[in-house]
Amino acid sequence: MAVDLETRRPVLANRVGGLSGAGIHPIALKHVWEAAQVATVPILAMGGVFSAKDALDFILVGATAVAVGTATFIDPLAPIKVLEGMERWLDAHGIANVADFRGALRSEQ
């Protein structure tokens, strides 16, 4: 929820809204990982994706695709920058195909 001190009214037309941005990323990551353990369909992940690392986190735990949402309010080019960063990271780590990285989370610490 967000409020306007001057008008003393809620900022959002519906009074309350959902949680988005960086704060939701760890929660979303956990749920994508859990879903990937049992899913038989592709998983579209979203939640707090502001960088290539954020997107690759989701791929590593099993997501098939990743959405960039809130970051586009800050930078409309965020999805392109995230994709380019992913490509650079995968290339630097010798991973030719993102599918080879998908779901590759190791369980040992």
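Anything mentioned here points back to the structure above.
What this report covers is the structure whose coordinates are included nearby. Remember, predicted model here, so these are calculated numbers, not experimental data.

## A short note on the overall build of the chain
Right, so step 1: Counting its secondary structure elements, the chain contains four helices and four strands.
Right, so step 2: Secondary structure elements of the chain occur, N-terminal to C-terminal, as β-β-α-β-α-β-α-α.
Right, so step 3: Relative to the 2.2 N^0.38 estimate, which gives 13 Å for 109 residues, the radius of gyration of the chain is 17 Å and therefore markedly larger than a compact globule would have.
Right, so step 4: Each of the three principal axes of the chain carries a C-alpha extent, and together these read 55 × 30 × 30 Å.
Right, so step 5: Among the 109 residues that make up the chain, the fraction classed as buried is 28%.
Right, so step 6: In the chain, once contacts between residues fewer than 6 apart in sequence are set aside, the share between residues at least 24 apart is 46%.
Right, so step 7: Accessible area of the chain: about 7,800 Å², with a carbon and sulfur share of 59%.
Right, so step 8: Counting 9 positive and 11 negative side-chain charges, the chain places the centres of these two groups 9 Å from one another.

## A few points about the nonpolar core
Right, so step 1: Grouped together as the largest cluster of nonpolar side chains are 20 residues, with contacts concentrated most on Val 32, Val 49, Phe 58, Val 68, Val 82, Met 86 and Phe 101.
Right, so step 2: Elements supplying a minimum of two residues to this core: helix H1 (25-38), helix H2 (52-61) and helix H4 (78-92).
Right, so step 3: If one sorts the elements of this core by residue count, H2 sits on top with six residues.

## Considering a nonpolar patch on the surface
Right, so step 1: Taken together, Met 1, Val 3, Leu 5 and Val 16 make up a surface patch of nonpolar side chains, about 470 Å² in accessible area.
Right, so step 2: Relative to the helices and strands, Leu 5 is located in the loop between strand S1 (3-4) and strand S2 (9-10).
Right, so step 3: Judged by its relative accessible area of 73%, Leu 5 falls in the exposed class.

## Re H4
Right, so step 1: With 15 residues, H4 extends 21 Å between its outermost C-alpha atoms, agreeing within 8% with the 21 Å of an ideal straight helix rising 1.5 Å per residue.
Right, so step 2: The set of residues buried in H4 consists of Ala 78, Val 82, Gly 85, Met 86 and Leu 90. The buried residues of H4 occupy an angular sector of 130 degrees when projected down its axis, which confines them to one face. In H4, the exposed residues that point more than 90 degrees away from the buried face are Arg 88, Asp 91 and Ala 92.
Right, so step 3: Two residues or fewer past H4, Gly 94 is found with a positive phi of approximately 70 degrees.

Scoring rules and cut-offs
- Residues numbered from 1 in each chain as written.
- Predicted model: local features only at pLDDT ≥ 70, side-chain atom pairs only at ≥ 80, totals over all residues.
- Heavy atoms only, no water.
- Helix = DSSP H or I, 4+ residues; strand = E, 2+ residues; numbered from the N terminus.
- Rg over C-alpha atoms; globule rule 2.2 N^0.38 Å.
- Buried < 20%, exposed > 50% of the residue type's maximum accessible area, 1.4 Å probe, protein only.
- Contact = heavy atoms within 4.5 Å.
- Areas by Shrake-Rupley, 256 points an atom, 1.4 Å probe, with all protein chains shown as cover.
- Lys, Arg positive; Asp, Glu negative; His and termini not counted.
- Charge placed at Lys NZ, Arg CZ, Asp CG, Glu CD.
- Core = buried A, V, L, I, M, F, W, Y, C linked by side-chain atoms within 4.5 Å.
- Patch = residues over 30% accessible without salt bridge, like charges linked within 9 Å, V, L, I, M, F, W, Y side chains within 5 Å.
- Salt bridge = Lys/Arg side-chain N within 4 Å of Asp/Glu carboxyl O.
- Expected span 1.5 Å × (residues − 1).
- Arc of directions from axis to C-beta.

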